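# Residue-level structure breakdown
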Amino acid sequence: MLEVLLKTDEAIELIDQSDTVKRLKQIKEEISTDVEVQKLIKSFKKEKIKYEKDLIITDSLIESKEKLYNHPLISEYRKLYSNISLAISFFNSQIQKLLNYKKKDCNNRLEDSWK
């Protein structure tokens, strides 16, 4: 099992060193220093707070969200983040399938011994 954990660490390091993660980190830094994006974030947060208080979707909420999400930096970040999330979900589902198969196999053998 130790070998598996070491390989997992290697996989995590590969992901961290990937062009996608490097670009995500770069975009995150750009977002934090981009005045226009910060204004869009502030505007959206303000509208979101209003929504959470009143539970009314307003045109200004929709507009502020659209402006924020359509900004090139935010759009690229969301796309890259989504791609990584999908890859991780796929990886997790493959592990889960393996464990479910092994679990079923193990449980069947155990149940057979009770007969």
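Residues numbered from 1 in each chain as written. Predicted model: local features only at pLDDT ≥ 70, side-chain atom pairs only at ≥ 80, totals over all residues. Heavy atoms only, no water.

### Focus: the overall build of the chain
On a plain count of helices and strands, the chain comes out with five helices and zero strands. What you see in the chain, going N to C, is helices and strands ordered as α-α-α-α-α. Once local pairs closer than 6 in sequence are excluded, the contacts in the chain between residues at least 24 apart make up 58%. Total accessible area computed for the chain in this model is approximately 9,700 Å², and 58% of it derives from carbon and sulfur atoms. (Helix = DSSP H or I, 4+ residues; strand = E, 2+ residues; numbered from the N terminus. Contact = heavy atoms within 4.5 Å. Areas by Shrake-Rupley, 256 points an atom, 1.4 Å probe, with all protein chains shown as cover.)

### Points about the packing of aromatic side chains
One pass over the structure, following the stated rule, counts two aromatic pairs. Considering the side-chain rings of Y77 and Y81, the 6.1 Å spacing of their centres and the 15° angle between planes classify their relative orientation as stacked. Of this pair, Y77 and Y81 both sit in helix α5 (residues 72-114), separated by four residues, roughly a single helical turn. Residue Y81 is classed as partly exposed on the basis of its relative accessible area, which comes to 46%. (Phe/Tyr/Trp six-rings, centres within 6.5 Å; stacked < 30°, edge-to-face > 60°. Buried < 20%, exposed > 50% of the residue type's maximum accessible area, 1.4 Å probe, protein only.)

### Some details on the side chain of H71
The residue H71 is located in the loop between α4 (59-70) and α5 in this model. On the basis of relative accessible area, H71 is assigned to the buried category, the value being 9%. Those residues in contact with H71 that lie beyond four places of it in its chain are D34, E36, V37 and L40.

### A word on a nonpolar patch on the surface
Together, M1, L2, V4, L5 and L6 make up an exposed nonpolar region whose accessible area comes to about 560 Å². If you trace the backbone, L2 turns up in helix α1 (residues 2-16). The class of L2 is exposed, set by a relative accessible area of 61%. (Patch = residues over 30% accessible without salt bridge, like charges linked within 9 Å, V, L, I, M, F, W, Y side chains within 5 Å. Salt bridge = Lys/Arg side-chain N within 4 Å of Asp/Glu carboxyl O.)

### Section: helix α3 (residues 35-54)
Spanning 20 residues, α3 covers 29 Å between terminal C-alpha atoms, matching the ideal 28 Å at 1.5 Å per step. Of all the residues in α3, the buried ones are V37, L40, I41, F44 and E47. The arc that holds every buried residue of α3, seen down its axis, measures 135°, which confines them to one face. Turned more than 90 degrees away from the buried face of α3, the exposed residues are V35, K39, K42, K45, K46, I49 and K53. Once α3 finishes, L55 follows within two positions and takes phi at roughly 55°, a positive value. (Expected span 1.5 Å × (residues − 1). Arc of directions from axis to C-beta.)

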